[in-house]
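# Structure at a glance
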Amino acid sequence: MFAAERRQLILEMVRANGAVSLRELARVVQTSEVTVRRDVRALEAEGLLDRRHGGAVLPGGFTRESGFPQKSHLATAEKTAIADLAASLVEEGEAVVVGAGTTTQELARRLARIPGLTVVTNSLLVAQALAHANRVEVVMTGGTLRGSNYALVGSGAEQSLQGLRVSRAFLSGSGLTAERGLSTSNMLSASVDRALVQAAAEVVVLADHTKLGTDTMFQTVPTDVITRLVTDDPPAHDDRAATELQALADQGVQITVAGAAGSGSGGDATPPGHRPRRDTALPGQRRTHGGGGPGPQALRSAGALAEQPGERARVADLRRR
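About the criteria used
- Along each chain, residues carry numbers from 1 onward, in the same order as the chain's sequence is written.
- Owing to the predicted nature of the model, reporting of local features is limited to residues with pLDDT of at least 70; listing and counting of side-chain atom pairs is limited to 80 or more, with chain, interface and lining totals taken over all residues.
- Processing note: side-chain calculations cover all non-hydrogen atoms of the structure and skip hydrogens and water entirely.
- Only runs of H or I of at least four residues qualify as helices and only runs of E of at least two qualify as strands under DSSP, and these elements are numbered from the N terminus.
- Only protein chains enter the area calculation, which uses a 1.4 Å probe; residues under 20% of their type maximum are buried, those over 50% are exposed, and those in between are partly exposed.
- Contacts are residue-level and defined by heavy atoms, with any inter-residue pair within 4.5 Å sufficient.
- Here a strand pair is declared whenever DSSP counts at least two bridges between the two strands.
- All axes are obtained by fitting lines to C-alpha atoms, using only the stretch in contact for helices, and the reported angles, taken between N-to-C directions, cover 0 to 180 degrees.
- By definition here, a helix of n residues has an expected span of 1.5 Å times n minus one.
- Here a polar contact means two N or O atoms within 3.5 Å. Within protein one must be a hydrogen donor candidate and the other an acceptor candidate, and residues neighboring in sequence count only if both atoms are side-chain atoms.
- To qualify as a nonpolar core, a set must consist of buried Ala, Val, Leu, Ile, Met, Phe, Trp, Tyr and Cys residues joined through side-chain atoms within 4.5 Å.
- For this count, His and the chain ends are skipped, Lys and Arg are scored as positive, and Asp and Glu as negative.
- A carboxyl oxygen of Asp or Glu within 4 Å of a side-chain nitrogen of Lys or Arg is what we treat as a salt bridge.
- One number per residue, pLDDT, summarises how confident the predictor is, and it ranges from 0 to 100.
- In this scheme, roughly parallel covers angles under 35 degrees and roughly antiparallel covers those over 145, while 65 to 115 is roughly perpendicular and the rest are oblique.
- In this scheme, a crossing is called left-handed if the near helix is turned counterclockwise away from the far one by less than a right angle; it is called right-handed if the turn is clockwise.
- When residue character is reported, Ala, Val, Leu, Ile, Met, Phe, Trp, Tyr, Cys and Pro are called nonpolar, Asp, Glu, Lys and Arg charged, and the others, Gly included, polar.
- A clockwise path from the first strand over the helix to the second, with the strands pointing away from the viewer, defines a right-handed crossover.

### A short note on the overall build of the chain
- Helix and strand counts for the chain stand at twelve helices and 17 strands.
- Out of the 321 residues in the chain, the part that is buried amounts to 56%.
- Across the chain, the fraction of contacts at a sequence separation of at least 24, relative to all contacts at a separation of at least 6, is 69%.

Structure, rendered in structure tokens:
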């Protein structure tokens, strides 16, 4: 493929998806990341796209949100590794909330193997992944369906989460920076994500390296509220991603890297080229676990969950812990 053809294809991919990693571009155009990086630099010089940490985005500073079909084909290997590690944080009998997104959908597929869970979600895709899980209870919010990511949003979703308390929330987004935290491109999605965070004792963000340093319009989780980031190992040449990871760590975020050297399938790791740090909980935050497994699996609304005496007792128990 000639350089002009490669660059045209790269430009079309970025326009279609909003943001694409160098790995994905190299795979599609069947060349090395070094060559793709050179092409991206040339396209940036023409003002046709902007370079970001390990990838390229639409010009203008803020990335737009891609639809689910486009997102589901981006960074698939990274999302799988991140989901594997995130699932290892969950224990039997916990109550958790899981937000919308392709990475959280991968997580849900792994949570289906953990008995005794209660999973609260506003995502149809997360609920579908857990629908036939043995001894996993799925609780859905209310709200209005947002077709681009198959999520329930709006005041109905937010109100159904009031009074709820779970051990932790798993969220993803469009971008993550140390300065602003997690962000997304849609106002309604951001508002529901903030309500999910309010229901959790701990917040775990799932974000692959292409989202590090990317800033989008609506903040969902400030950095000082994020307990842990689960991400993949950025490419060796991606110094900016490593710098962003260090900045997040310096603000107290626990960094867990999938595929980190010396950690087997993944583990708490120090960003490449930086000093080590202790992996401890943030002041005032604690690790809580739901008690006892629920009965037969069922799909119910979050409002119904809060109304039932037995469920109120479980929420009260989580608070006491």
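So that's the structure; there's more coming.
### Remarks on the sheet that holds strand β3 (residues 55–57)
- Strand order in this open sheet of three strands is β1-β3-β2, and the pairing throughout is antiparallel. Two strands lie at the open edges of the sheet, namely β1 (19–21) and β2 (50–52), each paired on one side alone. Neighbour-to-neighbour, the strand axes of this sheet turn through a mean angle of 25 degrees, independent of strand direction.
- Pairing analysis gives three bridges linking β1 to β3, with the strands arranged antiparallel. By the bridge assignment, Ser-21 is partnered in β3 with Gly-55.
- Most of the contacts of helix α2 (residues 22–29) go to β1, to which it runs at about 75 degrees, and overall it touches β1 and β3.

### A few points about helix α9 (residues 187–198)
- With twelve residues, α9 extends 17 Å from end C-alpha to end C-alpha; this agrees with the ideal 16 Å at 1.5 Å per step.
- Here α9 has its buried residues at Ser-189, Ala-190, Ser-191, Val-192, Asp-193, Ala-195, Leu-196 and Val-197.
- The opening residue of α9 is Asn-186, an N-cap whose side-chain oxygen sits 3.0 Å from the backbone nitrogen of Leu-188.

### Some words on the nonpolar core
- Among the nonpolar cores identified, the biggest contains 34 residues, and Leu-176, Val-205, Leu-229, Leu-248 and Ile-255 are the most heavily contacted of them.
- Of all elements in the fold, only β4 (95–98), β9 (166–171), α9, β12 (200–206), α10 (239–250) and β15 (254–258) reach the threshold of two or more residues within this core.
- Excluding its chain neighbours within four sequence positions, the residues that come into contact with Leu-176 are Gly-181, Leu-182, Val-205, Ala-207, Lys-211, Leu-212, Gly-213, Thr-214, Ile-226, Leu-229, Glu-244 and Leu-248.
- Within the second largest apolar cluster, 28 residues are counted, among which are Ala-86, Val-119, Val-138 and Val-204.

### Quick word on the sheet that holds strand β10 (residues 175–177)
- Taken in spatial order, the three strands of this open sheet run β10-β11-β13, and their pairing is antiparallel. The two strands at the open ends of the sheet, each matched to only one other strand, are β10 and β13 (218–221). Direction aside, neighbouring strands of the sheet carry axes that sit 40 degrees apart on average.
- Two strands pair when backbone bridges link them, and β10 and strand β11 (residues 181–184) are joined in this way by three bridges, in the antiparallel orientation. Residue pairing in the sheet places Leu-176 in a bridge with Leu-182 of β11.
- Across the sheet, α9 lies against β11 and β13, angled at about 20 degrees from β13, the strand it touches most.

### Regarding the side chain of Asp-193
- With respect to the secondary-structure elements, Asp-193 resides in helix α9.
- In this structure, Asp-193 is buried with no salt-bridge partner, the nearest side chain bearing the opposite charge being Arg-194 at 8.2 Å.
- Contact partners of Asp-193, with chain neighbours within four places excluded, come to Leu-171, Ser-172 and Thr-220.

### A look at the confidence of the model for the chain
- Here the chain averages 78 in pLDDT, while 74% of its residues score no lower than 70.
- Across residues 66–74, where pLDDT falls below 50, the model places 22 contacts with residues more than four positions away in sequence or in other chains.
- With pLDDT under 50 throughout, residues 309–321 is counted as low confidence; its partners more than four residues away or in other chains account for 28 contacts.

### So, the packing of helix α5 (residues 76–87) against helix α6 (residues 102–111)
- Contact geometry for α5 and α6: axes closest at 8 Å, N-to-C directions at 50 degrees. As far as their axial angle goes, α6 and α5 are oblique. Here α5 runs over α6; the crossing is right-handed. Side by side, α5 and α6 meet where Lys-79, Thr-80, Ile-82, Ala-83, Asp-84, Ala-86 and Ala-87 of the first sit next to Thr-102, Thr-103, Glu-106, Leu-107, Arg-110 and Leu-111 of the second.
- In terms of residue class, the contact of α5 with α6 is built from six nonpolar, three polar and four charged.

### Description of α10
- Helix length check: α10, at twelve residues, gives a terminal C-alpha distance of 16 Å against a target of 16 Å (1.5 Å per residue), a fit within 8%.
- Packed against the buried residues of α10 are β10, β14 (228–232) and β15.

### Description of the pairing of strand β5 (residues 117–121)
- With five of its five residues buried, β5 lies for the most part within the structure.
- Burial of β5 is two-sided: the residues Leu-117, Val-119 and Thr-121 facing one way and the residues Thr-118 and Val-120 facing the other way are all buried.
- Pairing analysis gives four bridges linking β4 to β5, with the strands arranged parallel. Each residue of the ladder has a partner; that of Ala-95, found in β5, is Thr-118.
- Since β4 and β5 lie parallel, the crossover through α6 that links them has a hand, and here it is right-handed.
- As paired strands, β5 and strand β6 (residues 136–140) are joined by five bridges and run parallel to one another. Looking at β6, one finds that Val-119 is bridged to Val-138.
- With helix α7 (residues 124–130) bridging β5 and its parallel neighbour β6, the resulting β-α-β unit is right-handed.

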